[in-house]
Amino acid sequence: WYDLAGTATRKDLETYLQLNKEAANLNNFTSGAEMWLNDYEDDTLEVQLENIFEEIRPFYLQLHAYVRHSLKQTYGEEISEDGPIPMHLLGNMWAQSWVNIYDQTTPYPNKQSKGLTKEMLAQNYTALKMFKLAEEFYVSLNMSALPQAFWELSYIEKPTDGREFICHGFANDFFKNSDVAIKMCTRISAESFFTVFHEMGHIYYYLLYKNQPIAYRDGANHGFHEAVGDVFALSASTSKHMHKIGLLKNYEPDEETRVNELYRTALRKVAFLPFSYSLDQYRWALFRGEVKSDEYNCKFWQMRESASGIKPPVQRYKEDFDAPAKYHVSADVEYLRYLVAHILQFQFHKSACILAGEYDPNNPNSYLSECDIYQSTKAGNAFKEMLSMGLSKPWPDALEILTGQRTMSASALMEYFKPLQDWLEKKNKETGAQVGWKSEFKCLSKSGAEKPIGAGIIIVLFVTICVGMV
Ligand code: X8Z
Ligand code: ZN
């Protein structure tokens with residue numbers, strides 16, 4: 001995949017970077033990085049993100065350590081105890097979400113439920129049923145039913161007439177009345193369930209700000225747009241909610257189930273944080289001309305390793321070009337939005353949960369991860385107020401409406417995962433799982449001009465021995 005979807009685009013890269021620079025300069029930005037960052041209307045954003053990362057890092061390291069140690073039980077020598085994790089063992093082509101290794105690494109296997117995918121399949125769910133389920137959730141928050149145009153214009157399954165169709169989920173605003181649509185190749189799976197909620201978040205945002213003047217018909221920032229659907233999915237994916245809608249038979253909240261569920265969510269959301277950060281840090285560096293052309297690929301893997309503690313399954317070389325194997329890189333879509341969304345959605349969730357009476361921060365027996373804002377008009381109205389502003393005000397104003405805060409903060413995310421963080425720290429100590437990783441990164445050329453240091457020593461030794469023998 002990386003060879004075909006990534007390296008194949010290498011020939012177009014210089015043109016892309018040149019055009020990107022021209023576009024940025026024409027808009028009075030020094031580079032494409034500043035052009036992208038401009039959306040967040042805050043010169044200190046990069047520093048803020050660095051601080052947020054420092055706050056999250058200890059938790060990420062514990063998660064990483066637990067995952068590596070658990071996978072080692074299956075893969076043995078394939079995984080080193082203190083090195084980066086080979087990413088093909090993480091269940092996702094880009095290692096951006098690790099949720100597919102949940103079954104393999106569950107903290108309490110005896111407390112595992114049947115799983116959403118299996119339950120939906122058993123109940124003969126269809127793509128349409130999944131969309132109707134998501135719509136019903138939004139309607140329960142006092143939002144309107146989707147307009148007829150949505151159902152007429154959308155493609156919720158892959159067309160079978162042989163036409164070319166990009167399956168990557170997308171929500172469209174046609175900027176005309178209520179003309180909105182989703183295109184995605186829905187599958188009956190938990191992952192698709194989340195994507196339906198995600199795309200529907202874009203649609204409801206479009207509809208809520210449709211009465212704004214055209215220039216303001218956009219998200220408060222790109223991160224807001226990506227956070228809307230995700231925040232509702234945080235509620236909709238709780239066991240509490242699944243039980244309510246008949247997708248989970250038995251639901252008895254206890255500590256072990258809570259840890260399992262938090263772990264599953266962390267594999268989706270926390271593993272994602274360094275991935276999303278490094279993807280755009282990498283592109284900022286390219287756009288700013290900070291990377292030499294023969295180091296384009298090395299820089300990518302070096303940043304991925306340093307941020308996430310993962311490595312490619314096989315050695316990649318200077319001649320490869322792997323970043324564009326990710327859809328958004330090839331499609332020139334800024335990715336920081338998803339990182340911002342992953343922080344904001346927990347801020348939104350906490351405030352909405354308090355409004356819904358589903359969470360009490362002062363009660364130690366109340367858990368953010370067990371909050372379901374379903375049917376809360378109060379929470380729904382606060383969202384409606386924030387979202388209907390669109391881009392008419394700076395994003396801190398929008399954030400303040402729902403959360404009372406004016407800055408992005410990782411504290412709600414950390415609060416959400418606190419029980420898991422405590423559990424991981426204890427567990428990793430018990431099992432002796434190492435925390436952190438030693439770099440194994442090597443920047444090599446296929447021609448072998450630059451060999452790893454170890455190989456160099458062997459050659460020198462070999463030559464010395466041969467010369468000695470002569
Ligand atoms: O691209 C998407 C959405 C469309 S905005 C399906 N996402 C990112 C990805 O797939 O890499 C959602 C989460 C991250
Ligand atoms: Zn999206």
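Residues numbered from 1 in each chain as written. Chains lettered and ligands numbered in written order. Predicted model: local features only at pLDDT ≥ 70, side-chain atom pairs only at ≥ 80, totals over all residues. Heavy atoms only, no water.

**Student:** Explain the pairing of strand β3 (residues 180–183) to me, please; I cannot follow it from the model alone.
**Tutor:** Where strand β2 (residues 170–173) meets β3, 4 bridges bridge the pair, whose relative direction is antiparallel. By the bridge assignment for β3, D173 is matched with V180. Counted between consecutive antiparallel strands, the loop separating β2 from β3 contains 6 residues, among which F175 sits at a positive phi close to 55 degrees. (Pairing = 2+ DSSP bridges. Helix = DSSP H or I, 4+ residues; strand = E, 2+ residues; numbered from the N terminus.)

**Student:** Before we go on, may I ask you to explain the side chain of K72 in this structure?
**Tutor:** One can find K72 in helix α4 (residues 45–75). Buried and without a salt bridge, K72 has E77 as its closest oppositely charged side chain, separated by 4.5 Å. Among the polar contacts listed, one links the side chain of K72 to the backbone oxygen of I79, at a separation of 2.7 Å. In this structure K72 touches E77, I79 and E81, once residues within four positions along its chain are discounted. (Buried < 20%, exposed > 50% of the residue type's maximum accessible area, 1.4 Å probe, protein only. Lys, Arg positive; Asp, Glu negative; His and termini not counted. Salt bridge = Lys/Arg side-chain N within 4 Å of Asp/Glu carboxyl O. Polar contact = N/O pair within 3.5 Å; in protein donor to acceptor, adjacent residues only side chain to side chain. Contact = heavy atoms within 4.5 Å.)

**Student:** Help me understand the coordination of the zinc ion (ligand 2) in this model?
**Tutor:** For a metal bound by four donors in tetrahedral geometry, the ideal donor-metal-donor angle is 109.5 degrees, whereas six donors in octahedral geometry ideally sit at 90 or 180 degrees. Distances from the zinc ion (ligand 2) to its protein donors, H198 (NE2), H202 (NE2) and E226 (OE), fall at 2.0 to 2.1 Å. All donors to the zinc ion (ligand 2) come from one chain, and their sequence spacing reads H-x3-H-x23-E. Separated by 24 residues along the polypeptide, H202 in helix α9 (residues 190–208) and E226 in helix α10 (residues 222–236) bring together distant segments of the chain. Judged by its relative accessible area of 7%, H202 falls in the buried class. (Donors = N, O, S within 2.8 Å, 3.2 Å for Na, K, Ca; no water.)

**Student:** In this structure, what is going on with the site of ligand 1? I would like to understand it.
**Tutor:** Taken together, Q96, H168, G169, H198, E199, H202, E226, F272, K326, H328, Y335 and Y338 make up all the residues around ligand 1. Side-chain polar atom of Q96 to an oxygen atom of ligand 1: 3.1 Å apart, as the coordinates give it. Contact distances for ligand 1 include 2.7 Å between an oxygen atom and a side-chain N or O atom of K326. For ligand 1, whose accessible area on its own is 370 Å², the fraction buried by protein is 82%. No other element matches the 3 residues that α9 contributes to the shell around ligand 1. Tallied by class, the residues present in the shell around ligand 1 amount to 3 nonpolar, 6 polar and 3 charged. (Near = heavy atom within 4 Å. Areas by Shrake-Rupley, 256 points an atom, 1.4 Å probe, with all protein chains shown as cover. Nonpolar A, V, L, I, M, F, W, Y, C, P; charged D, E, K, R; others polar.)

**Student:** Looking at this model, I keep getting lost on α9. Mind explaining?
**Tutor:** The periodicity of an α-helix, 3.6 residues per turn, causes residues three or four positions apart to be oriented the same way. The terminal C-alpha atoms of α9, which comprises 19 residues, lie 27 Å apart, in line with the 27 Å expected from a rise of 1.5 Å per residue. Across the 19 residues of α9, 16 count as buried, placing the element largely inside the fold. (Expected span 1.5 Å × (residues − 1).)

**Student:** Is there a simple way to think about the packing of helix α16 (residues 336–355) against helix α19 (residues 411–431) in this case?
**Tutor:** Between two packed helices, the angle of one axis relative to the other and the distance separating the axes together describe the packing. The geometry of α16 relative to α19 is characterised by a closest axis approach of 7 Å and an angle of 70 degrees between their N-to-C directions. Comparing their axes, α19 and α16 come out roughly perpendicular. Along its contact with α16, which presents H342, F346, Q347, H349 and K350, the element α19 presents A412, L413, E415, Y416 and F417. A breakdown of the residues in the contact of α16 with α19 according to their chemical character gives 5 nonpolar, 3 polar and 2 charged. (Axes fitted to C-alpha atoms, helices over the stretch in contact; angles between N-to-C directions. Parallel < 35°, antiparallel > 145°, perpendicular 65-115°, else oblique.)

**Student:** Sorry if this is basic, but what is going on with the environment of F346 here?
**Tutor:** The residue F346 is located in helix α16 in this model. On the basis of relative accessible area, F346 is assigned to the buried category, the value being 0%. For F346 and M414, which are 68 residues apart along the polypeptide, the C-alpha to C-alpha distance reads 8.9 Å. Among residues more than four places away in sequence, those in contact with F346 are L234, K269, A412, L413, Y416 and F417.

**Student:** What should I look at first to understand unusual backbone geometry in this one?
**Tutor:** Leave glycine aside and you will find that most residues have negative phi; peptide bonds, for their part, are mostly trans. Here the phi dihedral of F175 falls at roughly 55 degrees; this positive angle occurs in a residue that is not glycine. For F175, the position within the fold is in the loop between β2 and β3. Phi angles above zero are rare outside glycine, and D332 is one such case at about 60 degrees. Within the fold, D332 resides in the loop between α15 (327–330) and α16.

**Student:** It is not clear to me how the state of the cysteines should be interpreted in this structure. Could you clarify?
**Tutor:** Going through the model one piece at a time under the given rule, you end up with 3 disulfides. Note on cysteine connectivity: C298 is disulfide-linked to C443, with sulfurs 2.0 Å apart. What sets the handedness of the C298 and C443 disulfide is the S-S torsion sign, and at about 80 degrees it is right-handed. Pair noted here: C298 is in helix α14 (residues 296–308) and C443 is in the loop between α19 and α20 (453–469), with a separation of 145 residues, a long-range link. In this structure C298 comes out as buried when scored by relative accessible area, which is 7%. Note that C353 is cross-linked by a disulfide to C371, the S-S spacing being 2.0 Å. Its S-S torsion of approximately -85 degrees makes the covalent link between C353 and C371 left-handed. (Disulfide = S-S within 2.5 Å.)

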